[in-house]
Amino acid sequence: MSDEKETGSGLYASTKLLFLTYSVLDYSLANPDTLTKYRVAAGISEKVLAAVSKLCVAGEKVVTICQTGDKLIEEELAKVYRGKTVKGFSHPTTVSPASYVTPYTPLASDAAEANIELQAGEPVKIQLGAQIDGFGSIVCDTVLVQPKDQAEDVVTGRTADLILATYYANELFLRLMIPPGLFSSGTDEEKAKVAAVKAPTQTKITSLLDKVAKSYECNLVESTTSWLFERNEIEGKKKIVIAPAEGTKGEGTPEIGEVWGVEMGMSLGSGKVKAIDQRATLLRRTTNTYILKSQTARKTLSTVQNKFGHFPFSLRQLEEEGGDTKYKVGVYEGVRQGVLRQYELVGDKDAAPVARLLTTLAITKNGISKLGAPPALDLSKFQSDKKITDEEVLKILEQPLGKNKSKSKNKKKKKPTKKAAKAGEDDEEESDDE
């Protein structure tokens, strides 16, 4: 009898341990804590993006804006999850001038880079992000640099074409991320028929987005890539490549329960890109393991791992971290051995102005839930003599991003739990996957 009790208690203990282990390792959107952490990170990213956008006026130095943005992210992070939860940058603050395609983060120690100033009227791309417990929210917006002490005017001409093309192409792309049949209604047979429709291929996605670009006499930026996001990973197993260059292609289709970083790039030039003859200052830790030989390199890698994990970081941040110039030697060895990856600077081949947007989103059973996005564009401030006329594109643009929640309009909002409030969840938007 006692043996049976011991066996039973042992089985209970094993089952409990298995349950606890599963609970700890459940980082999917099915875990409410995961969505909460994404939303807190999104709140920080969007707040800092708004603040940095206001700093983008003619004559301001790019490096100063990047430094201010990083400081603001750190200040906001200090207000949330004050326990042992790991938190930090999911992307440093980068400010890319007009023809730059990739994120740009200059070094304060380099005189030439440190003196780069914003020019009035140029479209600059601001990209940044925060992460809570490895759940990162990255946002990117394109803002037009304003002259100092001058009110915003209505934007016209080719600049308006670029901004509007980017906006509508992005809106279209977000809707193409929704799995077919998610919003279907009618009989079970009708729903099954709609659900059986295959998701658009990546070739089809590029074709539809190109119709928007051509409507405004613009071109998609070559090999603009959107990635599946996972915990501690912003370049997951799936990717969508728009206007792929020769030898590149995407993999996989979006599914319910996934988080993606959706990027849109548009150019007033050909859309083709070329390398910019400047040092790469944006890097990230890879998943490769290699014991670096020099003590300096090992020290640098340890700093990177502790402060940034596997998220991108700027050489400027390492520079400011310890003021030790030897980190450059460590970075060089880390890149050479494949434990660090550097993002090469790329710009428009024709040196034409480029616009970019990046939205972090979750795909839920109720549609698209934004977990960090650029602010909505005020269309009244942009005037163009061009417009979209393609019926297929217009029909998709009319579709909603989420299901109608009219049934719950009269329901009272639940007060946030003490746990969520303490965590710092200051995002008032309700969960879309309830």
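Our structure's up above, just so we're on the same page.
A short tour of the structure in this document, coming up. (Residues numbered from 1 in each chain as written. Predicted model: local features only at pLDDT ≥ 70, side-chain atom pairs only at ≥ 80, totals over all residues. Heavy atoms only, no water.)

Considerations on the packing of aromatic side chains
Here's step 1: Applying the stated criterion across every chain, the model contains six aromatic pairs.
Here's step 2: Ring plane angle 50° and centroid distance 5.2 Å describe the contact between tyrosine 100 and tyrosine 104, whose orientation is recorded as tilted. Just as tyrosine 100 is buried, tyrosine 104 falls in that class too.
Here's step 3: Pairwise contacts between aromatic rings join Tyr27, Tyr38 and Phe135 into one cluster. (Phe/Tyr/Trp six-rings, centres within 6.5 Å; stacked < 30°, edge-to-face > 60°. Buried < 20%, exposed > 50% of the residue type's maximum accessible area, 1.4 Å probe, protein only.)

Digging into the nonpolar core
Here's step 1: Ranked by size, the top nonpolar core spans 44 residues in total, and within it Leu118, Leu128 and Leu318 carry the most contacts.
Here's step 2: Breaking this core down by element, the ones donating at least two residues are helix H2 (32-55), helix H3 (62-77), strand S1 (87-96), strand S2 (123-132), strand S3 (135-144), helix H8 (295-308), helix H9 (315-322) and helix H10 (327-336).
Here's step 3: For this core, the element with the highest residue contribution is H2, accounting for six residues.
Here's step 4: When sequence neighbours within four positions are dropped, the list of residues in contact with leucine 128 reads Ser45, Val48, Leu49, Val52, Ile73, His91, Pro92, Thr93, Ser137, Ile138 and Val139.
Here's step 5: Leu164, Val212, Leu220 and Phe382 belong to the second-largest nonpolar core, a separate cluster that totals 40 residues. (Core = buried A, V, L, I, M, F, W, Y, C linked by side-chain atoms within 4.5 Å. Helix = DSSP H or I, 4+ residues; strand = E, 2+ residues; numbered from the N terminus. Contact = heavy atoms within 4.5 Å.)

Description of the sheet that holds strand S9 (residues 282-285)
Here's step 1: Strand order in this open sheet of three strands is S10-S9-S11, and the pairing throughout is antiparallel. The open sheet is flanked by strand S10 (313-314) and strand S11 (340-343), the only strands paired with a single partner.
Here's step 2: Sheet topology places S9 next to S10; two bridges connect them, and they run antiparallel. Directly across from leucine 282, in S10, lies its bridge partner serine 314.
Here's step 3: Sheet contacts for H10: S9 and S11; angle to S11, the most-contacted strand, approximately 100°. (Pairing = 2+ DSSP bridges. Axes fitted to C-alpha atoms, helices over the stretch in contact; angles between N-to-C directions.)

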